Amino acid sequence: MPAAKTMKPLTLPGLIDPHVHMREPGATHKEDWDSGTAAALAGGFTTILAMPNTAPPVTSAETLQSTLKLAGSKARCDFGQYLGAGVDNTTSAPAIAPFSTGLKMYLDQTYGPLRLDDMTDWLAHLQAWPHGLPLCAHCEGKTLAAVILLADLTRHPVHLCHVSRREEILLIRKAKEQGIPVTCEVTPHHLFLSEDDIPAIGSGRSEVRPRLANRRDIQALWDNLDVIDCFASDHAPHTLAEKDSPTPPPGFPGLETSLPLLLTAAAEKRLTIDDIILRCYTNPARIFRLPEQPDTRVEVDLDARYAIRAAGAFTRCGWTPFEGMPVQGRVMRVTLRGQTAFEDGKVLAQPGSGRNVRPEMTTPPGAALPD
Ligand code: DOR
Ligand code: ZN
Ligand code: ZN
C-alpha cells in the first residue's frame, strides 16, 4: 500500500511574509496593493509586511497615512506598512511607530532613495525607536557587522533582512550566542539560486540585492538553518522590460514561488514542514508582534508536481527567476477569517477585505496622525 499522505491535503496556518515590496504608491505598473496581495494569497500568505521604498518613500505621518489608506481599500490579505528611516525623521518617527509594522533602515544602496550612510544616524534611530517595536535593516557584509555592534551597544533588537552570505550567517550565530538581540531572515532565492544560475536567468534579470551568492554561501545557509528565524520572499517586482533594459533594477518577485520551493525542499528532506511553519508563521508572528487570524488556514497538496511558470501568476511583473524549475507542493485553498480567499487557482477575496495588522492606525488616537 502506498503511504496515506497522498489522500489528505496538509493544512498550514495562514503564512506571514515579513518582507515584500508592493510598489504603491508610485510604480503600480510593477505591482499594486490589489495584485500584490492576490499574489500573496495564491502563495499561501495571509499577512504581508510592506517595505517603505515606494515613490514617495514612506517616512512621515502623511505618507504612512496615505499609503495605509490605499492598502486598506485595495488589499485582499492582511497587511502592515514599514516606516523608512531617513536622516531627517529620527525625532518624528517614534511618535508614529505604533501605526507602522516597524522601522526599516537601508544601510546599503538598493532600490530607491532611502539610504543611511552615517552611523550616527543609525545610532540615533536605534536610540529613538521604541524598544519592543520591530526595527529591520538592509545590510550586507560589513554593514551587517556594524549594525550588530549597534544592536549590542543600544540593546535594541534588530532584524537583519535577507542574509545571503556564509560570513554573515556565521557572524549572526556568534552574535546570538553572545546574547546580542538580533534575528534574521533568508529569502528562497538565496537558498535555491546561486551565481552559477546567472547565465541561464540572464544578467539583467539576475540583478538583485544582495546579489546571488556562490555555492559555499548557499551551503552555509542550509548548514545554519537553526540560526535563521524567518523565511521572507523580498518580493521585489520589476517588469520584464525594466529587467531587460540597459539599467536593470534589482529585485525578484517571490510571493507565489516561496512556499512551493520550501515544500519541494521538504519533499527532498532538506527541511521539515515544522521548519517551514516556524519560519513562515510562528517566528514572524512573534518578531513582528502580529495579531492572531482566527479561522485562517492554508491547504496544500504535497504531491502535486509541476514546473514554475510566470504565465498565470497574479503578480503584475510578468516573470520569475525560477521559470521552468520543477517543484512539488501546491496551494489548493486559503481561508482567511472563515472566508475562502483562494481556491483552485482563483483569488476569491475582494479588494479591501484585508486588514491592517496595526488596527489602531484606522482611528489614530489624538492628533498623532493628520487625516
Ligand atoms: O533586489 C532588491 N530589490 N533589493 C532591495 O533591497 C530592494 C528591492 C526593490 O525594492 O526592488
Ligand atoms: Zn533589502
Ligand atoms: Zn526588500
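Residues numbered from 1 in each chain as written. Chains lettered and ligands numbered in written order. Predicted model: local features only at pLDDT ≥ 70, side-chain atom pairs only at ≥ 80, totals over all residues. Heavy atoms only, no water.

What follows deals with the overall build of the chain. The secondary structure content of the chain amounts to 12 helices and 14 strands. The C-alpha atoms of the chain give a radius of gyration of 19 Å, which matches the 21 Å a tight globule of 371 residues would have. Along the three orthogonal principal directions, the C-alpha set of the chain runs to about 65 × 45 × 45 Å. Burial status across the chain gives 57% buried among its 371 residues. Counted over contacts in the chain with a minimum sequence separation of 6, partners at least 24 positions apart contribute 76%. When the accessible surface of the chain is split by element, carbon and sulfur atoms take 54% of a total near 14900 Å². (Helix = DSSP H or I, 4+ residues; strand = E, 2+ residues; numbered from the N terminus. Rg over C-alpha atoms; globule rule 2.2 N^0.38 Å. Buried < 20%, exposed > 50% of the residue type's maximum accessible area, 1.4 Å probe, protein only. Contact = heavy atoms within 4.5 Å. Areas by Shrake-Rupley, 256 points an atom, 1.4 Å probe, with all protein chains shown as cover.)

Turning our eyes to something else, we now look at the site of ligand 1. Taken together, His-21, Arg-23, Asn-53, Thr-110, Tyr-111, His-138, Val-208, Arg-209, Ala-236, His-238, Pro-250 and Gly-251 make up the full set of residues near ligand 1. Between ligand 1 and His-21, the relevant distance is 3.2 Å, taken from an oxygen atom to a side-chain nitrogen or oxygen of the residue. Separating an oxygen atom of ligand 1 from a side-chain N or O atom of Arg-23 is a distance of 2.7 Å. Within the complex, 100% of the 290 Å² of free accessible area of ligand 1 lies under protein. (Near = heavy atom within 4 Å. Polar contact = N/O pair within 3.5 Å; in protein donor to acceptor, adjacent residues only side chain to side chain.)

Attention now moves to the coordination of the zinc ion (ligand 3). Around the zinc ion (ligand 3), the donor atoms from the protein are His-19 (NE2), His-21 (NE2) and Asp-234 (OD), and they sit 2.0 to 2.1 Å away. Ordering the donors of the zinc ion (ligand 3) by residue number gives the pattern H-x1-H-x212-D. (Donors = N, O, S within 2.8 Å, 3.2 Å for Na, K, Ca; no water.)

So, about helix α4 (residues 119-128). An α-helical turn contains 3.6 residues, so any two residues separated by three or four positions project in the same direction. Those residues of α4 that sit buried are Asp-121, Trp-122, His-125 and Leu-126. End-on, the buried residues of α4 take up no more than an arc of 135°, which puts them together on one face. For α4, exposure combined with an orientation more than 90 degrees from the buried face picks out Thr-120 and Gln-127. Against the buried residues of α4 lie β6 (103-106), β7 (135-138), α5 (142-154) and β8 (158-160). (Arc of directions from axis to C-beta.)

Another aspect to go through is the coordination of the zinc ion (ligand 2). Coordination of the zinc ion (ligand 2) by the protein is provided by His-138 (ND1) and His-162 (NE2), with metal-donor distances spanning 2.0 to 2.1 Å. The two metals, the zinc ion (ligand 2) and the zinc ion (ligand 3), are separated by 3.6 Å. Residue His-138 is found in strand β7, and its partner His-162 is found in the loop between β8 and α6 (166-177); the two are separated by 24 residues along the sequence. Classification of His-138 by relative accessible area gives buried; the value is 2%. On the basis of relative accessible area, His-162 is assigned to the buried category, the value being 1%.

A separate point is the packing of aromatic side chains. To describe a pair of aromatic rings, you give the distance between the ring centres and the angle between the ring planes. Within this structure, the stated rule accounts for 5 aromatic pairs. Taking 5.6 Å as the distance between ring centres and 80° as the angle between the ring planes, the aromatic pair formed by Phe-192 and Trp-222 counts as edge-to-face. Of this pair, Phe-192 sits in helix α7 (residues 188-192) while Trp-222 is found in helix α9 (residues 215-223), placing the two residues 30 residues apart along the sequence. One exposure class covers both Phe-192 and Trp-222, and it is buried. Seen from the ring of Trp-222, Arg-270 lies directly overhead, with NZ or CZ sitting 4.1 Å from the centre. (Phe/Tyr/Trp six-rings, centres within 6.5 Å; stacked < 30°, edge-to-face > 60°. Lys NZ or Arg CZ within 6 Å of the ring centre and 35° of its normal.)

Quick look at the environment of Ala-38 now. Along the polypeptide, Ala-38 turns up in helix α1 (residues 33-42). Measuring from C-alpha to C-alpha, the distance between Ala-38 and Gln-350 comes to 9.1 Å, with 312 residues separating the pair along the chain. Here Ala-38 is in contact with Arg-76, Phe-314 and Val-347, once residues within four sequence places are set aside.

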